[in-house]
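Okay, here's what each chain looks like letter by letter:
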Amino acid sequence: MTTTTTQDSAQAATTAYAPEHPARQAFAERHPEFYKAMIGLEIAASKHVDPKLYELVKIRASQINNCAFCLDMHSKDALAAGESVQRIVQLAAWRESRHFYTEREAAALALTEAVTVLTDGFVPDEVYAEAARHFEETELAHLIGAIVTINSWNRIAVTTRMVPGHYTPGAYKK
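Residues numbered from 1 in each chain as written. Predicted model: local features only at pLDDT ≥ 70, side-chain atom pairs only at ≥ 80, totals over all residues. Heavy atoms only, no water.

Overall, the coordinates contain nine salt bridges when judged by the stated rule. In this structure, Glu-105 engages Arg-87 in a salt bridge whose closest nitrogen and oxygen atoms are separated by 2.8 Å. Within this pair, whereas Glu-105 is found in helix α7 (residues 103-116), its partner Arg-87 is found in helix α6 (residues 85-90), the two being separated by 18 residues in sequence. The buried category is assigned to Arg-87, whose relative accessible area is 14%. Shared partners join several salt bridges into a network, and the residues in it are Arg-60, Arg-95 and Glu-113. (Salt bridge = Lys/Arg side-chain N within 4 Å of Asp/Glu carboxyl O. Helix = DSSP H or I, 4+ residues; strand = E, 2+ residues; numbered from the N terminus. Buried < 20%, exposed > 50% of the residue type's maximum accessible area, 1.4 Å probe, protein only.)

Turning our eyes to something else, we now look at the environment of Val-163. Residue position: Val-163 is located in the segment after α9 (137-160). Taking relative accessible area as the criterion, Val-163 reaches 16% and is therefore assigned buried. The spacing of Val-163 and Cys-67 is 96 residues in sequence and 9.9 Å in space, taken between C-alpha atoms. Ignoring anything within four residues of it in the chain, the contact list for Val-163 reads Glu-20, His-21, Pro-22, Ala-23 and Phe-69. (Contact = heavy atoms within 4.5 Å.)

What describes a pair of aromatic rings is the distance from one ring centre to the other and the angle between the planes of the rings. Taken as a whole and judged by the stated rule, the model has two aromatic pairs. Consider the rings of Phe-27 and Phe-34, whose centres lie 5.7 Å apart with planes at 90°: the pair is edge-to-face. In this structure Phe-27 comes out as buried when scored by relative accessible area, which is 18%. Ring geometry for Tyr-35 and Trp-153: centres 5.6 Å apart, planes at 70°, overall edge-to-face. Here the residue Tyr-35 occupies a position in helix α3 (residues 32-46), and Trp-153 occupies one in helix α9, the gap between them amounting to 118 residues. Judged by its relative accessible area of 27%, Tyr-35 falls in the partly exposed class. Residue classification places Trp-153 among the buried positions, given a relative accessible area of 14%. (Phe/Tyr/Trp six-rings, centres within 6.5 Å; stacked < 30°, edge-to-face > 60°.)

Moving on, we come to helix α4 (residues 51-64). In a regular helix each residue adds 1.5 Å, so 14 residues correspond to 20 Å; α4 covers 20 Å between its end C-alpha atoms and thus fits that length. The element α4 is extensively covered by neighbouring structure, given that 11 of its 14 residues are classed as buried. Turning to α4, its buried residues number three or more, namely Leu-53, Tyr-54, Glu-55, Leu-56, Val-57, Lys-58, Ile-59, Arg-60, Ala-61, Ser-62 and Gln-63. Where the residues of α4 are buried, they touch α3, α5 (68-80), α6, α7 and α9. Put simply, Asp-50 is the residue that caps the front of α4, since its side-chain oxygen is 3.1 Å from the backbone nitrogen of Lys-52. (Expected span 1.5 Å × (residues − 1). Polar contact = N/O pair within 3.5 Å; in protein donor to acceptor, adjacent residues only side chain to side chain.)

In this section: the packing of α4 against α9. Put simply, α4 and α9 touch, their axes get as near as 9 Å, and they point 40° apart. If you check the angle between α4 and α9, you find them oblique. When the axes of α4 and α9 are compared, the crossing they make is right-handed. On the side of α4, the interface is formed by Tyr-54, Val-57, Lys-58, Ala-61 and Ser-62, while α9 contributes Leu-143, Ala-146, Ile-147, Ile-150, Asn-151 and Asn-154. (Axes fitted to C-alpha atoms, helices over the stretch in contact; angles between N-to-C directions. Parallel < 35°, antiparallel > 145°, perpendicular 65-115°, else oblique. Left-handed = near helix turned anticlockwise from the far one by under 90°.)

Mapping His-142 onto the fold places it in helix α9. His-142 has contacts with Ala-44, Ala-45, Lys-47, His-48 and Val-49, leaving out every residue within four places of it along the chain.

Here it is, written out as structure tokens:
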């Protein structure tokens with residue numbers, strides 16, 4: 001028989017996770033035409049982009065946009081695609097841990113950040129030129145499409161408060 005003290009109960013309460021928040025809306029059910037169009041964008045954007053790089057771009061944009069649902073989804077999909085835990089963990093500080101990423105990946109991540117955060121109102125020429133140096137024109141167009149698409153998904157997920165933690169890798173694959 002175990003005896004629980006007030007101190008033990010207080011300690012357990014301080015280590016318990018916060019309750020899961022409810023979603024605000026089931027967006028796909030409420031606007032199926034838009035959701036279907038977004039899936040079409042996703043399919044089109046994923047062509048000609050390396051699957052691991054595609055997931056890194058999605059994770060980085062989702063970090064910037066504070067989209068927990070998309071972080072959960074794309075981290076799991078990246079792991080399922082063979083990406084390393086270390087590269088996923090270091091992604092938020094990729095400039096400080098450049099040795100984990102290729103020049104091509106760094107160019108894609110810099111472009112992702114520039115497109116995601118348009119605080120100056122434009123993507124700097126040097127960021128675009130560096131990406132263009134590493135990606136053939138069609139690949140670059142698809143990379144831009146991927147960045148735009150994940151930013152749209154982030155805005156839907158954050159606005160409707162999609163709940164992270166329940167995604168199974170590959171569940172939404174085309």
